[in-house]
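Architecture at a glance
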Amino acid sequence: MSGKIIDLRNLLANRFPRAPKSVGTRLITGLAFFDQSVGGGLPKGAITELITPPRSAGSASLVHAFIHGAYRNKYFVALIDGRDSFDPCSLANSVLRQLLWVRCTKALEAVKAADLLLRDGNFPLLIVDLIFNSPGELRKIPQTTWYRLQRLVESVPTACLVLTRYEMVSSAQWKLVLENSWNLETLEKHDAISQLRIAVKRGHLSSDVGRDIALRCPDGAARRPYLGVH
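Report follows, based on the coordinates.

What counts as what
Residues numbered from 1 in each chain as written. Predicted model: local features only at pLDDT ≥ 70, side-chain atom pairs only at ≥ 80, totals over all residues. Heavy atoms only, no water. Helix = DSSP H or I, 4+ residues; strand = E, 2+ residues; numbered from the N terminus. Buried < 20%, exposed > 50% of the residue type's maximum accessible area, 1.4 Å probe, protein only. Contact = heavy atoms within 4.5 Å. Areas by Shrake-Rupley, 256 points an atom, 1.4 Å probe, with all protein chains shown as cover. Core = buried A, V, L, I, M, F, W, Y, C linked by side-chain atoms within 4.5 Å. Phe/Tyr/Trp six-rings, centres within 6.5 Å; stacked < 30°, edge-to-face > 60°.

Quick notes on the overall build of the protein
Summing up its helical and strand segments, the protein has 8 helices and 12 strands in all. Within the protein, buried positions represent 49% of all 230 residues. Here the contacts in the protein between residues at least 6 apart in sequence split such that 72% fall between residues at least 24 apart. Taken as a whole, the protein presents about 11,900 Å² of accessible surface, with 54% of it coming from carbon and sulfur.

Considerations on the environment of Ala 172
Residue position: Ala 172 is located in the loop between β7 (159-164) and β8 (174-178). Between the C-alpha atom of Ala 172 and that of Thr 48, which follows or precedes it by 124 residues, the distance is 5.3 Å. Among all residues touching Ala 172, those that are not within four sequence positions of it are Ile 47, Glu 49 and Arg 202.

Focus: the nonpolar core
For soluble globular proteins, nonpolar side chains are generally found buried alongside one another. One finds Phe 34, Leu 62, Phe 66, Ile 67, Leu 125 and Leu 176 to be the most contacted residues of the largest nonpolar core, which totals 32 residues. Listing elements by their share of this core, those giving two or more residues are α2 (32-37), α3 (59-72), β4 (77-81), β6 (125-129), β7, β8 and β9 (197-202). In terms of nonpolar packing, the next biggest core, distinct from the first, is built from 29 residues, Leu 117, Leu 152, Val 153 and Cys 160 among them.

Re unusual backbone geometry
If you check the backbone angles, Lys 74 has positive phi at about 60° while not being a glycine. Its identity is not glycine, yet Asp 84 carries a phi of approximately 50°, on the positive side. Residue position: Asp 84 is located in the loop between β4 and α4 (93-96).

With respect to the packing of aromatic side chains
Applying the stated criterion across every chain yields a total of 2 aromatic pairs. Consider the rings of Phe 86 and Trp 101, whose centres lie 5.3 Å apart with planes at 75°: the pair is edge-to-face. On the criterion of sequence distance, the pair formed by Phe 86 in the loop between β4 and α4 and Trp 101 in strand β5 (residues 99-103) is long-range, its members being 15 residues apart. According to the relative accessible area criterion, Trp 101 is partly exposed, its value standing at 26%.

Written as structure tokens, this is what we have:
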């Protein structure tokens, strides 16, 4: 292991104290419409893939809401920015203190960063934003990579959320679809975040005895979006 990686791990350990083990199996984001759609919060020890359409769907506002939730509930969140597209200007400095922002220019860089942060397990929430990475870049990520990341996240109390343009993370326990088409009028609304609509494409609920139960919807219900109630 190179000295630079060791130094980086030591820096992360000092700057972001290791999150204590929690008896809970889900991370409550504080966004009612989102938590309800995934059975009470983002599953810890698992990858959740959130797929957004090519048009504006509100994913940037959702990321900001997650960061606000981390500040409100006093935990750290890591954002791996696959194309250096995150805009922090609208967030207060006090909110940004709860954020580790990893700025990447390529998808493979983002995957390597996720590998490093999951091995340390310092963050209750890890967001990997690949929305603005090109399809050509994303196709170069082997599916074995996602299974390796899944094995890593299983050993830490971290909820890993991967944002993509199309379904690509085969190891994801939950696959969600953001079904919106936002315009300037929507963004100007005070409660715009509550207008987000999330549909479950695939999901599993863990019972008290550890069994995985596939989430089933009646015919047509899987296509009906969840309405935000913030």
